[in-house]
Structures are given as C-alpha cells and as structure tokens.
Amino acid sequence: MVAPFDATEFRRALGYLPTGVTVITTTGRFGQPVGMACNSFVSVSLQPPLVMFCAGNGSATLIDLRESGRFCVNILGADQGQLCRRFSVKDVDRFAGVPWTGSAAGPQLCDAIAWMSCAIEAEHVAGDHVIVIAQVNGLRVNEDAAAPLVFHRGGFGSFSAAADPVAATAAPPRRGAGAGASVLSTATRTASWRP
Ligand SMILES: Cc1cc2nc3c(=O)[nH]c(=O)nc-3n(C[C@H](O)[C@H](O)[C@H](O)COP(=O)(O)O)c2cc1C
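Residues numbered from 1 in each chain as written. Predicted model: local features only at pLDDT ≥ 70, side-chain atom pairs only at ≥ 80, totals over all residues.

Visitor: For this particular structure, what's the right way to read the sheet that holds strand 12 (residues 155-157)?
Guide: Each strand in a sheet pairs with another by means of backbone hydrogen bonds, the pair being arranged parallel or else antiparallel. Spatially, 1-11-12 is the arrangement adopted by the three strands of the open sheet, whose pairing is antiparallel. Each edge of the open sheet carries a strand with a single partner, namely strand 1 (19-20) and strand 12. One ladder, built from three bridges, connects strand 11 (residues 150-152) with strand 12; its direction is antiparallel. Its bridge partner being in strand 12, Phe151 is matched across the sheet by Phe156. (Pairing = 2+ DSSP bridges. Helix = DSSP H or I, 4+ residues; strand = E, 2+ residues; numbered from the N terminus.)

Visitor: Teacher, can you tell me more about the nonpolar core here?
Guide: Across soluble globular proteins, nonpolar side chains show a tendency to be buried alongside one another. Ranked by size, the top nonpolar core spans 29 residues in total, and within it Val23, Ile24, Cys38, Phe71, Val73 and Leu76 carry the most contacts. Secondary structure elements with two or more residues in this core: strand 2 (22-27), strand 3 (33-38), strand 5 (50-56), helix 2 (60-68), strand 6 (70-75), strand 9 (114-126) and strand 10 (129-141). It is strand 6 that provides the largest number of residues to this core, a total of four residues. Setting aside chain neighbours within four positions, we find Ile24 in contact with Gly35, Met36, Cys38, Phe53, Thr61, Phe71 and Val73. (Core = buried A, V, L, I, M, F, W, Y, C linked by C-beta atoms within 7 Å. Buried ≥ 20, exposed ≤ 12 C-beta atoms within 10 Å, placed from the backbone. Contact = placed C-beta atoms within 7 Å.)

Visitor: Can you help me understand the site of the ligand in this one?
Guide: Inspection of the region around the ligand gives 19 residues, with Ser40, Gly56, Ser59, Thr61 and Ser88 positioned closest. When contributions to the shell around the ligand are tallied by element, the ones reaching two or more residues are strand 3, strand 5, helix 2 and helix 3 (81-86). With four residues, the single largest contributor to the shell around the ligand is strand 5. By residue class, the composition of the shell around the ligand is 11 nonpolar, six polar and two charged. (Near = placed C-beta within 6 Å. Nonpolar A, V, L, I, M, F, W, Y, C, P; charged D, E, K, R; others polar.)

Visitor: Honestly, the confidence of the model for the chain in this entry has me stumped. Any pointers?
Guide: Close reading of the predicted structure is inappropriate where its pLDDT is low. Across the chain, pLDDT averages 88, with 85% of residues at or above 70. When the criterion is pLDDT under 50, residues 175-195 qualifies, and its contacts beyond four places in sequence or with other chains add up to 23 contacts. (pLDDT = per-residue confidence, 0-100.)

Visitor: Mind showing me how you'd approach the sheet that holds strand 10 here?
Guide: Across the sheet, seven strands lie side by side as 3-2-6-9-10-5-4; this open sheet has antiparallel pairing. In the strand order of this sheet, the two ends are held by strand 3 and strand 4 (42-45), each with one partner. Ignoring which end each strand starts from, the neighbouring axes of this sheet average 35 degrees apart. The sheet contact formed by strand 6 and strand 9 spans six bridges and is antiparallel. Paired with Asn74 across the strands is Trp115, a residue of strand 9. With respect to the sheet, helix 2 is in contact with strand 2, strand 3, strand 5, strand 6, strand 9 and strand 10, its orientation differing from that of strand 2 by roughly 55 degrees. (Axes fitted to C-alpha atoms, helices over the stretch in contact; angles between N-to-C directions.)

Visitor: Help me understand unusual backbone geometry, please; the structure alone is not making it clear to me.
Guide: Backbone geometry follows two general trends: most residues other than glycine have a negative phi, and most peptide bonds adopt the trans configuration. A cis geometry characterises the amide bond from Gln47 onward to Pro48, with omega recorded as 0 degrees. As for its position among the elements, Pro48 is in the loop between strand 4 and strand 5. Its identity is not glycine, yet Asp91 carries a phi of approximately 60 degrees, on the positive side. Topologically, Asp91 is positioned in the loop between helix 3 and strand 7 (100-101). Not every positive phi belongs to a glycine, and Arg153 is a case in point at roughly 50 degrees. The partly exposed category is assigned to Arg153, around which 13 C-beta atoms lie within 10 Å.

Here it is in structure tokens:
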C-alpha cells in the first residue's frame, strides 16, 4: 500500500475524487470584479454556518480577498465547464461576456446554480496553500437548476441519480421481520460519471 510518489502522481491520485466546482469572486482594490475557479470549497460547520476553501499562496485573487474580507461563492452548473476553465487561466479578462450582478460580497455569476455571501473569519497556512475559513451570511439557490458541474480526473462531467441497486434487488421483507427490514429499501443516491 505504501509507495513513494511524486507531485504528479499525488495530483493524479487526488483527481480520482470527484468534486463540485465553484468560482470564488470578490471586488478588487479598484472596484473591479475578481474571481478564480476553485474545487476545494467545502462546508465546515452548520452552527455557525462556516465554509472553507484552499487558495494557492501565489493566487492573485487571494490578495484581493484579504483586502475585501468578503467573497461570493458561485456553484457552477453542468454546462459551465468552459467558464470554469476561463476562471483558471491568467492574462485574460475572466468576466468578459459573462453575465454577473454586483453584491456586497462579490460578483454573482448569473448562470450559477447557487450563491453564498461570505465573510472571512480565519486563514491558516497549509503547505503551499492557505485555508480560508468564512462565515456564510446570505445564500440563494436556483430551484430550477440543472445538474451541477463535476470535476474528475482533469475533466468535467455532471451528476445523475442512479437507481439504488440495493433497493432493486432486495427481497420483500419477511413477515414479522419488523422495522429493521425496511432499512434495505431505504433509497440512497449514487453518482454516475458522464465524461
Ligand atoms: C477545476 C479547477 C479547480 C481549481 N481549484 C482550485 C482551488 O481549489 N484552489 C486554488 O488555489 N486554485 C484552484 N484552481 C486553479 C486556479 O483557478 C488558478 O490557479 C487561477 O489561475 C488562480 O487565479 P489567480 O492567480 O488570479 O487567483 C482550480 C482550477 C480548476 C480548473
């Protein structure tokens, strides 16, 4: 099990874990919209509502995030792979042609599927990244949203609920088997990857 590895192999192995994708946005020092693609965004705490993401310590966005103290998390939908790529490359106007509206936290990308307004609470240096922890003070979801964008092994796909194989093959509960038998037919959701 234990084998030596280099950075490329480490990155490749991490790619086996599918993640959602966000664009973290804020307002820059000159009032300009700023944002970067980010798949390290996760929830931390429900009470109080805390989230976190990791920013590379060379990230230009991180400088503006620190200055502003606030950001907007834009959770991307299935058809926003190209948009995500755009927010990961240097020396382009990432917002050109992208519909967005201003908010106190940062730009809200109009076609995202959910948005959260966040205030930075803490930063922790971790290797070549910085862990940014923030409190969520507002949110909105698109109830009609299509599927989310999923990042996996360097490519983009989406999510669709699969039939539950356990429920499909479960025998009907034995007479008198009691409440425990119903556990077998409890629906679960599994992700299927569409490259
Ligand atoms: C799918 C995807 C996910 C990414 N996730 C992160 C991340 O979690 N943290 C990070 O620092 N960079 C992440 N990146 C890379 C940044 O978006 C990229 O380095 C960008 O150029 C940073 O912009 P900045 O230097 O203007 O801040 C990701 C890129 C892609 C394509």
